[in-house]
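Structure assessment
What follows is the residue order along each chain.
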Amino acid sequence: MKLYCLSGHPTLPCNILKFKSTTIMLDCGLDMTSTLNFLPLPLVQSPRLSNLPSWSLKDGNAYLDKELKECSGHVFVDSVPEFCLPETELIDMSTVDVILISNYHCMMALPYITEHTGFTGTVYATEPTLQIGRLLMEELVNFIERVPKAQSASLWKNKDVQRLLPSPLKDAVEVSTWRRCYSMQEVNSALSKIQLVGYSQKIELFGAVQVTPLSSGYALGSSNWVIQSHYEKVSYVSGSSLLTTHPQPMDQASLKNSDVLLLTGLTQIPTANPDGMVGEFCSNLALTVRNGGNVLVPCYPSGVIYDLLECLYQYIDSAGLSNVPFYFISPVANSSLEFSQIFAEWLCHNKQTKVYLPEPPFPHAELIQTNKLKHYPSIHGDFSNDFRQPCVVFTGHPSLRFGDVVHFLELWGKSSLNTVIFTEPDFSYLDALAPYQPLAMKCIYCPIDTRLNFIQVSKLLKEVQPLHVVCPEQYTQPPPTQSHRMDLMIDCQPPAMSYRRAEVLALPFKRRYEKIEIMPELADSLVPMEIKPGISLATVSAVLHTKDNKHVLQPPPRSTQPTSGKKRKRVSDDIPDCKVLKPLLSGSIPVEQFVQTLEKHGFSDIKVEDTAKGHIVLLQEAETLIQIEEDSTHIICDNDEMLRVRLRDLVLKFLQKF
Amino acid sequence: MDPECSRLLPALCAVLADPRQPMTDDTCLEKLLDWFKTVTETESSLLLLQENPCLVELLSQALKFQDVSSRILSFSLRLAGIFAAQENCFQFLQQGELLLGLFGEAGPLGLPAWNVPSVRSGWIQGLCSLAKHPSAEQFLVDCGAVDTIFSLQGDSSLFVASAASQLLVQVLSLSIQGRATPHLGSSDGDWPSCAQSIVGYLEESLRSGATPQITQALKVLTTTFGRCHHSWTEALWMRLSPLVTCLLEKDTVPTAHSLADLFLSMARSPTFGSSDCDLWVTLAQTLSCLSPTQAGPLALGILKLHVCPQALKTQAFDVLLQPLACVLEAAAQVPGSSGLPDGTGSNPTMADALLASTSSCAALLCQSLAHLGELQALPHSPRPWPQVLLLEATVMTLRFCSGSAVPISSVGGRLCGILASCIRVQRAALDFLGMLSQGTGPQESVTQVFAILLEYLRSPESSPTVLKKAFQATLRWLLSMSKACGSNNPDPHTQPFLRELFPVMQKRLCNPCWEVRDSALEFLTHLTTHWGGQPDFRQALLASDVPELTQQLLQDPEAYVRASAVTAMGQLASQGLHATPSGPEHPGAKQKSLPQELLHILSLDSEGFPRRAVMQVFTQWLQDGHPAMAEDLEQFMARVFQVVSRDLDWEVRVQGLELARVFLAQTLGPPDCPYAVALPAATPPTSPAEVLRTLGRVQLLEFAFRALFDCDRPVAQKSCDLLLLLRARTAPGGGLQGAECNPEAVTVEAALRAWQAGEQGQPLGELVPEVVVAILRTLDLEGLQATLAESSDHVEQSPRSLLQDMLAAVGALGGHEADCY
């Protein structure tokens, strides 16, 4: 059993598990932090961005000045943003049988894998994962395609050039493999390969293994996966949460008794408690608006935003914010808000019961009804007519490199009355803000990450008791900024195996058994014999029939059946002749009794010698030697077949036959 | 005994003895026992039984066990004990062999009823009451009760087991004190036989090696030494001490808590405290061999002793300081530099206990912090008190909890992980830090204290309860700083701190969690009360949004927050710090003046707390002569009294009457005092008629008269006091003439009578001064006051009422004239 690790990002995993005869890709995360090296794509022509000075090498060589621009001491690539793909060289993608997706954030690289690599398999995901994942991809494509950029920089990627660049460009990994965003056509094609599954549904893969998605409590439709054969069980835990937010709670019990537990997608901010962060978010929002400032919340169009809106729904009246408009701007804003209301079966119990009242499960429906929350596909069109300040704007993309958020940062960045509040934990807020410096706007960082923290992990591991834990290397040591916090790492026995990008791990367990079925008529013919209390044995003569990774023992065809001369002999009938088998023997020979028996049968002058493995019985008169060992008995006599047969029959008297 | 009760008693006894009429209410029986106990304290039990033979019958009825419910059986056992506490009555009951029947081997012991814990408990309590005189001791021996008591020590019911242990102590003490034995030695012969059997039992238990038995024996000893301070207790200890000290020699002491209790009980007893027995040595030995968690309570007990050798106190104090020393050492850059007693280095068990798990670490630190806090508050706290080191250790603990400590050592790293976001320790440490504000510290430590407090106030990770503690601790430190520096000399820490504080407060006042908003408002109220007058404070406060935010919280969805906001706004306004109604940033918004806004809350808020707070603010303002009240005072008061008199919450009405009292006092002016060195009055004293007219105009009189017949007693009482004051000042004997025959007075009186009868709808009529005087004179205010002074259930609590109730409950009184209170 092997694990191919294609992504180095612990929360955007992409791994391939080879288990029995199947090749299973676990998640397909796309590392978008690479885009932080690029200049933002402004929706409206930005004089500031277009007038940034070019950056040239120390030797004054200016051939890079079209590609690299400098802003407040940082160097950015002036080009269409590119993404860092999972490793595609490590394994031939056409051999991948299935891809299991655990949540909509972990499927963003799917088009890169399913298109143009020869992949012919199936992708499994839950319905909300597919639908919301589609929204995220649609938004991404839209953000990038609506601001066409003529230039595509590639000179800087040259290894010899990259060496000379300042950090972080210098240290960027695998820049040659970075790719531009996929097209909508590729998205549609990739998503058409998805087969929908429900929680606890058992899916057979070629009869070899069974995969089952389990609720993971992190997002709508998010799942962990159990991959099991008859005797082995691998659990894949990715992006799980034990907090009570909108999704169905995590199913922990089904993870028990795993041989291997692959653990990814833990919280990215282990020291921040989501409750405290929500409080911080609300109070900063209120204070800014009170002072006449605007609040900008860079976010994804689905996920934590539902919880934030719910929290604000309860909060705005107490904070006197009832008259402040909330805008949600995304090409998929409408679909996201509507979708969330129709996936009732994937929601937590409280929200499910609301549906029967009937009420919309999320209160943002009421915010929209009362005109407190308005949503628009982009800043163009209706929005510009309705726009009223001070206001709160939720919009993407959290990387601040593309999407409507770029416009608002350019618009509001100069005033210290305004605040940008970062709630998504995926990007470092300082890096995200770098191309906007100097910035007068206030910045508040309250990352809300509801995924498991290390305390919860250690409880989970105690509860489900896996034999081995495998996790990204980042989880096996404290975070570099807090190296004394030994509690911020996975602590389990035996220690977790760690992996890093482009590594192949041999998972530490061996398959020892395979299940074989016996046909009923064959089973009927067996005559088990009890050889020890509780253990019975029977010999089986049969034909082992293997198809679709299922092994079946069938009765052997009758050997006496004469083949009809006229009919042509079929290949399947051509089975080896079954010889009449000698019975099998079992038991041990008690030497003393054996000697007594020999004496009874007229042998005299018997001598017994003990050897390391058993005994030797010497019949000196007959010049014969009987060697009795644990698993063999030999009668050595010179050409006296009669004597040998006599002795053999005496030996056989002590053994059981079947 | 009340003759009426005597009359009811036979019927009651018959009911109790009748198995067909089960008594379902246990509390009645308890009350009945309490009553008998009170009666026998003053009267002769013998006489009581002779005069009320029904009682003896009831007791004998209990001997027919199969007919009696376990409740009545338990009751009878206890009742018999109460009567038999007097020796002559004991003899009387003995003659009928009643006691032997109830408590002896032929009693309930062998019956199924014995399985009911209340019966066993009744048996013990009966004996407890009875075991007061020498005849009782003989009785106990004769009826074999002592062995039963031994076995009840291990009873499955904890109440029974504990009572058995108490009884054993009582019997032991009775047995020894009954004899004038000059000397009790170690030989069996010196001890009275009953005492001997008990001591033998204790010895056997201590030797048994079984934890439950040892614990029971130790408990008996603890109670004995706690209760009896005669010299025989010393002899008892001499006999048993080798067995007890043996327990300390084991690797782990299983009965540590009981042992600590025992030694402390001895140390508090004058018999041992002064004697030359080696109690102090034993205590020192115990301290050193118990685990850190077990030793804590013992150390605290030792430090609380009045008489105790200094060396032992030092050792005990070290035990309490050690966990904090460990924390300091773990955080120290250089090992051994903490200055507290050696922590981790010399005491590995302490480090083990701290680093074992979050729960054990939290338990130990919380215990240590709580004990030290308790000690600090004592008048004889340990000296020298290591204030600086405690400050440092507490600050360091808080930093470990918040994750802001960056220790170098591996122990520090582990401690960091264990304590990270441990709310329990955070709360305990903040509490203790607040207590430490009573002492001072060097500049450096105080700076650290304020820094950590600010960190906690600021951190989004602080839970609401932790934040509340942080607010409390901050307030204590600010107070102590200002006390230390004097009001004219601003303290160097306070001002910069306050500047940092208000941005934090702004954020807290906007928090989505209502508990946070509430505690921030409370904190603001305290701050303003103390520093509202200081220019720096005023400047910092007014530069922030805090006043506006506070005003906005008057509309909070949570009632507690609204109430706190009302109080805070009241305080801000008293100091002239509230937001001006027409702020430039909200030109369009409808703005009410603060008094109008509060009046609005008083009239319309659905919850009681904000309305009560409003009344307190109004009272405070009126007392202080706040300018908001001064303009158009009469009209405003009239509105307030009108609204408050209709309020459904009695506390609000009481507050309203308090406001009325202040208003009345101010209208009347200071009372004439013959000895006052009076300055010539600036304004001539108002005439009584004028006063009454004013009171009429502001609707105070109508409110007060209405409140006089309020169905809630405190309201009526308060109103009665108010009217008495008014009468004394406006209608004393002579002066203003009343108008008894005035037709208007008749109308008013009729209305009042109707009100008293519950018809509050009737209009009162015009209250001209003459009519008021007349009414005040006619009303029997003193009588009303006396009636109201009696608690509302004084009738219902009488024994007669109890007996009637019990009879009524089973329908034995005929008809249903039950007192349905």
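Residues numbered from 1 in each chain as written. Chains lettered and ligands numbered in written order. Predicted model: local features only at pLDDT ≥ 70, side-chain atom pairs only at ≥ 80, totals over all residues. Heavy atoms only, no water.

All names here are of chain A. Overall, mixed pairing links the seven strands, which are arranged β8-β7-β6-β3-β2-β1-β22 in an open sheet. With partners counted over all chains shown, the strands left at the sheet margins are β8 (194-197) and β22 (503-506), one partner each. Strand-to-strand twist in this sheet, taken as the mean axis angle between neighbours without regard to direction, amounts to 25°. Pairing geometry for strand β3 (residues 22-26) and strand β6 (residues 98-100), over three bridges, is parallel. Each bridged residue has a counterpart across the sheet, and for I24 the counterpart in β6 is V98. Packed on one face of the sheet, helix α3 (residues 127-145) meets β7 (122-126) and β8 and runs near 100° to β7. (Pairing = 2+ DSSP bridges. Helix = DSSP H or I, 4+ residues; strand = E, 2+ residues; numbered from the N terminus. Axes fitted to C-alpha atoms, helices over the stretch in contact; angles between N-to-C directions. Contact = heavy atoms within 4.5 Å.)

Our next topic: the nonpolar core. In this structure, F394(A), F618(B) and F705(B) are the most contacted members of the largest nonpolar core, which totals 389 residues. For this core, the leading source of residues is helix α19 (residues 310-331) of chain B, giving twelve residues. Ignoring anything within four residues of it in the chain, the contact list for F394(A) reads F281(A), V297(A), C299(A), I305(A), L308(A), L309(A), L312(A), F326(A), Y327(A), F328(A) and I329(A). Grouped together as the second largest cluster of nonpolar side chains are 26 residues, L100(A), V470(A), Y499(A) and F509(A) included. (Core = buried A, V, L, I, M, F, W, Y, C linked by side-chain atoms within 4.5 Å. Buried < 20%, exposed > 50% of the residue type's maximum accessible area, 1.4 Å probe, protein only.)

All names here are of chain A. Pairing of strand β23 (residues 516-518) with strand β27 (residues 550-554) involves three bridges; the strand directions are parallel. Across the sheet, the residue bridging to E517 is V552, located in β27. Counted between consecutive antiparallel strands, the loop separating strand β26 (residues 543-547) from β27 contains two residues, among which D548 sits at a positive phi close to 50°.

All names here are of chain A. Helix α5 (residues 184-191) packs onto α3 with a crossing angle of 165° between their chain directions and a minimal axis gap of 10 Å. What the angle tells us is that α3 and α5 run roughly antiparallel. Relative to α5, α3 is oriented so that their crossing is right-handed. When α3 is examined against α5, the residues L130, R134, M137, E138, V141 and E145 are found in contact with a partner set consisting of M184, V187, N188 and L191. (Parallel < 35°, antiparallel > 145°, perpendicular 65-115°, else oblique. Left-handed = near helix turned anticlockwise from the far one by under 90°.)

A few words now on unusual backbone geometry. Residue and element names in this part refer to chain A. Looking along the chain, the bond that leaves L357 and enters P358 is cis, with omega of -5°. Considering the arrangement of structural elements, one finds P358 in the loop between α9 (349-355) and α10 (364-369). At the junction of G396 and H397, the peptide bond is cis and its omega measures out at 10° in the coordinates. Within the secondary structure, H397 is located in the loop between β17 (392-395) and α12 (405-412). In this structure, D548 takes a positive phi of about 50° despite not being glycine. Looking at the secondary structure, you find D548 in the loop between β26 and β27. Take D548: its relative accessible area is 55%, and that puts it in the exposed class.

Counting from both sides, the interface comprises 23 residues of chain A and, opposite them, 23 residues of chain B. Of the roughly 1900 Å² buried between chain A and chain B, counting both surfaces, carbon and sulfur atoms make up 55%. Summed over the three residues of chain A that lose the most area to chain B, namely R290(A), S318(A) and H484(A), the buried surface amounts to 34% of that side. Summed over the shared surface of chain A and chain B, the result is one salt bridge. Of the charged contacts in the structure, one is a salt bridge between E280(A) and K507(B), with a shortest N-O distance of 2.9 Å. Looking at which element gives the most residues to the side of chain A that touches chain B, the answer is helix α6 (residues 274-290) of chain A, with eleven residues. Within the side of chain A that touches chain B, the residues separate by chemical class into nine nonpolar, ten polar and four charged. (Buried area = accessible area lost by both parts, 1.4 Å probe. Salt bridge = Lys/Arg side-chain N within 4 Å of Asp/Glu carboxyl O. Nonpolar A, V, L, I, M, F, W, Y, C, P; charged D, E, K, R; others polar.)

So, on to the pattern of salt bridges. Following the criterion strictly, the structure yields 40 salt bridges over all chains and no others. The partner of E374(B) in a salt bridge is K304(B), with the nearest N and O atoms 2.4 Å apart. Here K304(B) lies in helix α18 (residues 292-304) and E374(B) lies in helix α21 (residues 358-377), a separation of 70 residues in the sequence. Note on E374(B): relative accessible area 34%, which makes it partly exposed. What you see here is one network of salt bridges that share partners, running through K20(A), E232(A), R511(A) and E514(A).

It is worth spelling out helix α6 (residues 87-95) of chain B at this point. Of the positions making up α6(B), those classed as buried are C89(B), F90(B) and L93(B). Burial along α6(B) is one-sided: seen end-on, the buried residues are contained in an arc of 105°. (Arc of directions from axis to C-beta.)

On to the packing of helix α16 (residues 591-600) of chain A against helix α17 (residues 641-653) of chain A. Helix packing geometry: the angle between the two helix axes and the distance between the axes. Residue and element names in this part refer to chain A. At a closest axis distance of 11 Å, the pairing of α16 and α17 adopts a crossing angle of 135°. It follows from the interaxial angle that α16 and α17 lie oblique. Crossing angle aside, the handedness with which α16 passes α17 is right-handed. Across from F594, T597 and L598 in α16, the residues of α17 making contact are L647, L650 and V651. Its residues assigned to classes, the contact of α16 with α17 comprises five nonpolar, one polar and no charged.

It is worth spelling out the packing of aromatic side chains at this point. Residue and element names in this part refer to chain A. Under the criterion given, the structure shown has 38 aromatic pairs over all chains. Centre to centre, the rings of F38 and W156 are 6.5 Å apart; their planes meet at 80°, and the pair counts as edge-to-face. Note that F38 is positioned in the loop between β3 and α1 (47-50) and W156 in the loop between α3 and α4 (159-162), a separation of 118 residues in sequence. Relative to F387, the ring of F383 lies with its centre 5.0 Å away and its plane at 40°, an arrangement referred to as tilted. Across the ring face of F362, the terminal group of K351 is positioned such that the distance to the ring centre comes to 4.8 Å. (Phe/Tyr/Trp six-rings, centres within 6.5 Å; stacked < 30°, edge-to-face > 60°. Lys NZ or Arg CZ within 6 Å of the ring centre and 35° of its normal.)

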